[in-house]
Amino acid sequence: MLTVTDPQKSAKTISARTESALRLSGTVGANKVMESELLRLVKRSPFHVRLPKPARQGSMALRYPFDPEVAWVAACYHRSSSRIGWELASSPAVRLEPLVADLVPLLAADERLPSGRSVTFTVEVKGAEDFEAGPLQLRGAVKSAFEQAMQKRGGQAVVQSKDPEWEMLVRRVGQEGDRRTLLILDLGRGPRHLRGQRVAQGPAPLRETLAAQLVLLANWMPHLEPLVDPTAGSGTIAVEAALLARGFAVRKPSDLPALRWPAFAGLPPQAPPLYSDTRPFILASDVNEECIAWMIGNLRASGLTGRDTEHAIVVRSMNATDLTPELFAEILPDAPKERGVFAFNPPYGHRLQADSGGLPRLYRDLGRTFKRFDGWRAAVVVANEEFKESFGARPSLVKPTSAAGLRAEFIVYDLGGTQNRGRSESRRSKTKRA
Ligand SMILES: C[S@@+](CC[C@H](N)C(=O)[O-])C[C@H]1O[C@@H](n2cnc3c(N)ncnc32)[C@H](O)[C@@H]1O
C-alpha cells in the first residue's frame, strides 16, 4: 500500500513520468562490482564515450543516463549483473486502473517506440508485493496498457511468451513515500546467469553472475597472475574467469532483439572478444573425478578449448589440500608463480549434505594449504558461518551476498608477501565499507 506522508513532497514527486535510464540490476551488494566492470568494458570498447557516475538504487541496481553505445556494451559484455534494461515509464499507482491510465498516454507518446508496426512482447513482474493486486493481474494490466499504446501508435502488440521481440519487466522501486511501478525494456535477453554455455553441472553449481563477481572482487590480473579454483565442481568459476580475461561477449548483438530499436541503429552487428590477446593461466581441480568430464564439457561449450587457450586452462582431479607451489609449477610450468589468485566456492553443507560433518576441518585444511602460496590472494564465496574462523586468516574484504537462496559472503584474503602489502592496506578500508 502506498503511504504518502508529506503532501508537499507528494505533490512534487508522485506523478507518472517517462523514464530513460539504463538500468543494471544484480544480487544484494553487487553495485560496486557491477560499476567497476562496466567502466572497464566501456574503456576497452570500440566507442569513445565517458561513463558518468551512476545513481544507485539500493545495493542492487545502478542507473546511468541512457547512452546507446554504453547500453550496447553492457547488453553484450557485462557479466556480473543479473538484468540489463532501459527504463521506459513509471507510475506511483498501486491499483490496476490508475496504472493503465498512467501508462497508455506515456507509452503512446514515446517516440522511442516504433509506430505503424506489429511487435511481439511479454511481461515479467517481480518484487511487486506492495502493489494492491496480485502479480498476474498486474502483468495483465501492463500487457493491456502496452497493447493500447501500440494501437495508438498505429501498430499492434501481440503477446508471445516464447522468443518475443520485446520483454518488458515490471518492478516496484524507490523509497517509502516515492514508491513507483517501473516499466523496463529488457535489453540483455533475460536473466544474465543463463549464459547458454553450461552443458553439465554438478550437484551445487554456482550462478555464473556470482562467479563473475567473485573473480572481479579478487581483482585478478590475468596477464600477471594465474587463477586456481581447487574445488571447481563443474568449473563455473574457471569458465567465467577465462571469459572475463578474454573479454568474451555474454550475448551476440544478433541475439538481442531489443537492440533493433531505432536508438541502436548503426551500432556494430558483432561483439568480438575485447582482450583477444590475453592468455590466462587457470587451474580448475576437484577431488571428485566425475567433475573432469563436466568441466571439459563446459569449457568446450564456452569456446575455451581452441588453440589460443590450449595449455592455459588445465583441469585436474585432486584433493585441494595436496596442492603445493611445486606441484602447481609442474601443472602450469609457464604461469607466473610469485603471485596468483585462488577463487573458489567450497561445499557449504546445505546442498552437499554428505560433506557437512567435516566442513570446518576442510576449511581449516584449505587455509593451511593456501598459506603455502606466499604473495597470493584467495577469494571465496561461501554460505557457512564457520568458514571464516576455520580458514584461519584475516580477511581484507567481506561482502554479504546470497547464493542458492542462502545468506552468503564473498571473502577476500591476502596470503602474505610483499606484493600484497600495499593492496592489503587499501582493502582494510573497504572491509569497513562493504
Ligand atoms: C559447492 S561445490 C563447487 C561448485 C562449483 N563452483 C560449480 O559451479 O560447479 C564444492 C566442490 O568442492 C569439491 N570438494 C570437496 N572437498 C574437496 C577437496 N578436499 N578437494 C577438492 N575438492 C573438494 C566437491 O567435490 C564439490 O565439487
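Predicted model only: the values in this text are computed from it and were never measured.

(A) Inspection of the overall build of the protein at higher detail. On a plain count of helices and strands, the protein comes out with twelve helices and 16 strands. Taking as baseline every contact in the protein between residues at least 6 positions apart, the subset at least 24 positions apart corresponds to 78%.

(B) Structural view of the packing of helix α2 (residues 31–44) against helix α6 (residues 208–217). Remark: α2 packs on α6, axes separated minimally by 10 Å, with the N-to-C direction vectors making an angle of 75 degrees. Classified by the angle between their axes, α2 and α6 sit roughly perpendicular to one another. Mapping the contact onto sequence places V33, S36 and E37 in α2 and Q213, L216 and L217 in α6. The residue makeup of the contact of α2 with α6, split by class, is three nonpolar, two polar and one charged.

(C) Molecular detail of the packing of α2 against helix α3 (residues 68–77). Orientation of α2 relative to α3, taken along the N-to-C sense of each, is 110 degrees, at an axis distance of 10 Å. Classed by the angle they form, the pair α2 and α3 counts as roughly perpendicular. Handedness of the crossing formed by α2 with α3: right-handed. On α3, the residues touching L38, L41 and V42 of α2 are V70, V73, A74 and Y77. Its residues placed into classes, the contact of α2 with α3 shows seven nonpolar, no polar and no charged.

(D) Expanded view of helix α10 (residues 359–370). The end-to-end C-alpha distance of α10 is 16 Å, a good match for the 16 Å that twelve residues give at a rise of 1.5 Å each. Taken together, the buried positions of α10 are occupied by L362, Y363, L366 and F370. Seen from one end, α10 has its buried residues packed into an arc of 100 degrees, which puts them on one side. Residues of α10 that are buried in the fold lie against β13 (341–344), β14 (377–382) and α11 (387–391).

(E) Structural view of the nonpolar core. Ranked by internal contacts, the top residues of the largest apolar core, which has 118 residues, are L214, V215, A241, A343 and A379. Residue assignment places this core across two domains, with domain 1 (11–186) and domain 2 (208–433) each supplying three or more. Here A241 is in contact with V215, W220, L227, P280, I282 and A343, once residues within four sequence places are set aside.

(F) Looking closely at the sheet that holds β13. One open sheet holds the seven strands; their spatial order is β12-β11-β10-β13-β14-β16-β15, and the pairing between them is mixed. Here the strands that pair on one side only, and so sit at the sheet edges, are β12 (313–317) and β15 (395–403). Shown here is a sheet whose adjacent strand axes are inclined to one another by a mean of 15 degrees, direction ignored. In terms of strand pairing, strand β10 (residues 227–229) meets strand β11 (residues 282–286) through three bridges, oriented parallel. For L227, the partnering residue across the bridge sits in β11 and is I282.

(G) Local environment of the environment of H48. Residue placement: H48 occurs in the loop between α2 and β3 (55–57). As for H48 and E69, which are separated by 21 residues in sequence, their C-alpha atoms are 9.1 Å apart.

What counts and what doesn't
- Residues numbered from 1 in each chain as written.
- Predicted model: local features only at pLDDT ≥ 70, side-chain atom pairs only at ≥ 80, totals over all residues.
- Helix = DSSP H or I, 4+ residues; strand = E, 2+ residues; numbered from the N terminus.
- Contact = placed C-beta atoms within 7 Å.
- Axes fitted to C-alpha atoms, helices over the stretch in contact; angles between N-to-C directions.
- Parallel < 35°, antiparallel > 145°, perpendicular 65-115°, else oblique.
- Nonpolar A, V, L, I, M, F, W, Y, C, P; charged D, E, K, R; others polar.
- Left-handed = near helix turned anticlockwise from the far one by under 90°.
- Expected span 1.5 Å × (residues − 1).
- Buried ≥ 20, exposed ≤ 12 C-beta atoms within 10 Å, placed from the backbone.
- Arc of directions from axis to C-beta.
- Core = buried A, V, L, I, M, F, W, Y, C linked by C-beta atoms within 7 Å.
- Domains from an automatic or database assignment.
- Pairing = 2+ DSSP bridges.

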